[in-house]
Amino acid sequence: MKSSLVHRLLLLPATMWLLVMLVLPLLVVIIFSFGDRGPAGGYVPGFSLDQYANLPARFTAFKNTMILAPAGTLAALLIAYPLAYYLAVKANPNIKTVLLVMIIVPFWTSILIRTYAWIYILGGQGIPKMLEFFGVEGVRLINTPYSVLIGIIYGYLPLMVFPIYVSLEKLDKRLLEASQDLGASPIRTFRNVTLPLSIPGIATGCMLVFILLMGEFLIPALLGGGKVFFIGNALVDLFLQSRNWAYGSAVATTLVIVMLLTVSIYMKLMMRGSNIREEVSLL
Amino acid sequence: MRVSSKDSVVSFQNVWKRYGEVIAASNLNLDVQSGEFLSFLGPSGCGKTTTLRMIAGFDQPSEGDVILKGKRVNGVPAFKRPVNMVFQHYALFPHLNVADNVAYGLKQRSPRPPSKEIESRVSESLELVQLAGYQNRRIWEMSGGQQQRVALARALINKPEVLLLDEPLAALDRKLRREMQIELQNLQRNVGITFILVTHDQEEALSMSDRVCIMREGEIIQVGSPRELYDNPLNRYIADFIGKSNFFDGVVQKSSANDLEIRLNNGAQIVAANSRQHNTYASAAPVTISIRPEQLMLSRRVSQLPDEKAIVINAAVRNRIFLGEHTEYLLYNEQFGEFLALSPRQNEIGEPPFEVNEDIHISWNQEATLVLNHD
Ligand SMILES: Nc1ncnc2c1ncn2[C@@H]1O[C@H](COP(=O)(O)OP(=O)(O)OP(=O)(O)O)[C@@H](O)[C@H]1O
Ligand SMILES: [Mg+2]
């Protein structure tokens, strides 16, 4: 009894935090989403589904998010995996530390500034100019979905690399030798042992990046140049510019629902795909 | 007894392995015969694992040749070699169940055997290691001893030319280890596959193997049957490593066809039979003599001692340890210092056991005296 009381006391701050900072605002948003826009903006109480009926007006933002968030996650995964693999398995220990630091260092600068830098790199004076030099004319990157994708990969790569790196790092190298000893070539060893055992890292990385991407607004705002809108941008616009809080709340609620659905389907697939228990004792 | 490398399964020819400055294997020459149970025995860091890994194909020799079934395999990667290994901590695949772990090797074959055949061979191998019916267990649901058996089944299902075992029993508790030693021995006789085992437990090596290969600092010092190694160790190091012994340093005084006269550093004169010895010794050669504890005869009266050639000295009983069938005595003589003696129980019938502080006689036959190089 005593220990359960202590447990509850210890959990109290976290519970309060979640209640006040997450559950309460979410409730407010849900309630607002059934209300109306005030004459001078803001919110007037009410109960209708009008705001939800109006959702198709923001279809493009939903579409962009639902295409670019998974695409960005996938692209980040495809680039991060070989990198993490190299760091965890192949790199010699001295170089490894240097490379890990190089992945972290950019985080010391604000993402805003780093993304601004990409405006220049992808803009007319950047990569397209370089391509012109090699004779490839008329490439446009900035303000297209591709520039947003590049920005996403750049910004989210470390978040993908680290979980995969950790799962590959703790992979028992003797398992790889055991596989080869049993006649599996290095490629089959990768497919049969390394890849399945790094699924927890892949799952964590993908989830992290995907959830954050669903709420992303900075990268599309800067690199999409008002042409590639995410739901995040729609929300900024609805709450801060047009001050249509009720409609904004409906969009936000829908985003949360879509996110919950995707993540729970994803989790279910992952659970079924790998029944790896973390606390496997190899001894 | 050097067999030509054609008839042997594994053969090392002047094999060296260097890691930078460290020499992990130095000029190894060894032929392992088909169907034998051979152990590498030696202290930690002497190069046992390195040697085994060169057979498996995980490490390549820096110099010299490794021959498998008459073919030079330097540079051939592990997955192309017809040998399998049981790893020290088993290295079972945690994401696969028992059946899939055991079937792993068969599934890598091309063409891959039909799944019916895989299934029946998996249950066959599991039966072999007494795990029938465990197919669907997860690895983490198995005890240490059971995991050990899965690892054995996973290797044996491939019917390798050689099974390599790197300290396979080190993680098991004493009793289980004893059981597994007997089981491994039986298994090896049943399947007829060559077993090469690495261990630093001399009791394990002696009790299981047909031949033991003793290593030290990257070198093979002596290869022989457990009995040969015990009775005829090449030098003091091996005599000390294999079993217990009483050692006394001295110098050869006279060497004749039959006898070796030795003057020990403690002043005693000893005559040893020359026929027993590995090496020939010239006068003035520094040597160590060794007498095994069970070859010392203990008695209250000199008249009871059998051989007139025997060496007899007085000694006081310092300590007595009852070990069941044997009693171990620690004895002390002014000139020689301490002696360790192992007296079998049946030899004590006439006399009650000797008491601590009792003055008795120790004797040993000339044949019991082994003359050895210092190292
Ligand atoms: N990959 C390596 N790099 C550098 N040195 C190594 C490497 N592998 C082994 N060594 C060195 O080679 C020597 C022999 O090592 P090995 O692992 O063969 O010993 P061992 O007899 O198996 O010892 P143990 O009983 O402790 O397992 C040791 O000095 C070790 O430090
Ligand atoms: Mg070892």
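Participant: I'd like a description of the overall build of chain B, backed by residues and values.
Facilitator: Within chain B one finds eight helices and 20 strands. With respect to the three principal axes, the spread of C-alpha positions in chain B is 75 × 45 × 35 Å. Across the 375 residues in chain B, those meeting the buried criterion constitute 53%. Counted over contacts in chain B with a minimum sequence separation of 6, partners at least 24 positions apart contribute 66%. Per element, the accessible surface of chain B, about 17,100 Å² overall, is 46% carbon and sulfur. Of note, chain B has its 41 positive side-chain charges centred 8 Å away from the centre of its 45 negative side-chain charges.

Participant: So what's going on with the sheet that holds strand β1 (residues 8–19) of chain B? Which residues, and what values?
Facilitator: All names here are of chain B. Taken together, four strands build an open sheet; the order of strands is β2-β1-β4-β5 and the sheet is antiparallel. Edge positions in the open sheet fall to β2 (22–33) and β5 (71–72), since each of these has one partner strand only. Sheet topology places strand β4 (residues 63–68) next to β5; two bridges connect them, and they run antiparallel. Within β5, the residue paired with I67 across the bridge is R72. Its contacts with the sheet put helix α1 (residues 48–56) on β1, β2 and β4, and the angle it makes with β1 is roughly 120°.

Participant: Lay out the packing of aromatic side chains with the relevant residues and their values.
Facilitator: Here the structure, examined in full by the defined rule, presents 18 aromatic pairs over all chains. Seen from their ring centres, F93 of chain B and Y104 of chain B are 4.5 Å apart, and the 40° between their planes marks the pair as tilted. One end of the pair, F93 of chain B, is in the loop between β6 (83–86) and α2 (98–107); the other, Y104 of chain B, is in helix α2, and 11 residues separate them in sequence. Y104 of chain B gets classed as buried once you look at its relative accessible area, which sits at 3%. Considering the side-chain rings of F336 of chain B and F339 of chain B, the 5.6 Å spacing of their centres and the 45° angle between planes classify their relative orientation as tilted. By relative accessible area, F339 of chain B is classed as buried at 0%. Seen from the ring of F107 of chain A, R114 of chain A lies directly overhead, with NZ or CZ sitting 5.5 Å from the centre. Above the face of the F247 of chain B ring, R236 of chain B is positioned so that its terminal group lies 4.4 Å from the ring centre.

Participant: Tell me what's going on with empty space enclosed by the protein, and back it up with residues and numbers.
Facilitator: Residue and element names in this part refer to chain B. Tallying each qualifying case throughout the model produces one cavity of 30 Å³ or more. Quantified by volume, the largest cavity comes out at close to 50 Å³. Contributing to the lining of the largest cavity are L128, V129, R149, L152, M180, E183, L184 and L187. Contributions of two or more residues to the lining of the largest cavity are made by α4 (144–156) and α5 (174–191). By residue class, the composition of the lining of the largest cavity is six nonpolar, no polar and two charged.

Participant: With reference to specific residues and values, describe the sheet that holds strand β11 (residues 246–255) of chain B.
Facilitator: All names here are of chain B. Pairing is antiparallel in the open sheet, where five strands are placed in the order β13-β12-β11-β14-β20. The two strands at the open ends of the sheet, each matched to only one other strand, are β13 (269–273) and β20 (370–372). Taking the axes of each pair of neighbouring strands and ignoring which way they run, one obtains an average angle of 45° across the sheet. Note that strand β12 (residues 259–264) and β13 share five bridges and pair antiparallel. Looking at the pairing, R263 lines up with Q269 of β13.

Participant: I'd like a description of the site of ligand 1, backed by residues and values.
Facilitator: All names here are of chain B. Close to ligand 1 lie Y19, V22, A24, S44, G45, C46, G47, K48, T49, T50, E167 and H200, which account for all nearby residues. Here an oxygen atom of ligand 1 and a backbone polar atom of G47 are 3.0 Å apart. K48 places a side-chain nitrogen or oxygen 2.8 Å from an oxygen atom of ligand 1. Relative to its unbound accessible area of 630 Å², ligand 1 is 59% covered by the protein chains. Sorting the residues of the shell around ligand 1 by element identifies β2 and α1 as the ones contributing at least two each. In terms of residue count, the dominant contributor to the shell around ligand 1 is α1 (three residues). Partitioning the shell around ligand 1 into residue classes produces four nonpolar, six polar and two charged.

Rules behind the numbers
- Residues numbered from 1 in each chain as written.
- Chains lettered and ligands numbered in written order.
- Predicted model: local features only at pLDDT ≥ 70, side-chain atom pairs only at ≥ 80, totals over all residues.
- Heavy atoms only, no water.
- Helix = DSSP H or I, 4+ residues; strand = E, 2+ residues; numbered from the N terminus.
- Buried < 20%, exposed > 50% of the residue type's maximum accessible area, 1.4 Å probe, protein only.
- Contact = heavy atoms within 4.5 Å.
- Areas by Shrake-Rupley, 256 points an atom, 1.4 Å probe, with all protein chains shown as cover.
- Lys, Arg positive; Asp, Glu negative; His and termini not counted.
- Charge placed at Lys NZ, Arg CZ, Asp CG, Glu CD.
- Pairing = 2+ DSSP bridges.
- Axes fitted to C-alpha atoms, helices over the stretch in contact; angles between N-to-C directions.
- Phe/Tyr/Trp six-rings, centres within 6.5 Å; stacked < 30°, edge-to-face > 60°.
- Lys NZ or Arg CZ within 6 Å of the ring centre and 35° of its normal.
- 1 Å grid on protein atoms, 1.4 Å probe; cavity = no way out; pocket = protein on both sides within 12 Å on 5 of 7 lines; lining within 4 Å.
- Points joined across faces, edges and corners; volume = space filled by probe spheres on them.
- Nonpolar A, V, L, I, M, F, W, Y, C, P; charged D, E, K, R; others polar.
- Near = heavy atom within 4 Å.
- Polar contact = N/O pair within 3.5 Å; in protein donor to acceptor, adjacent residues only side chain to side chain.

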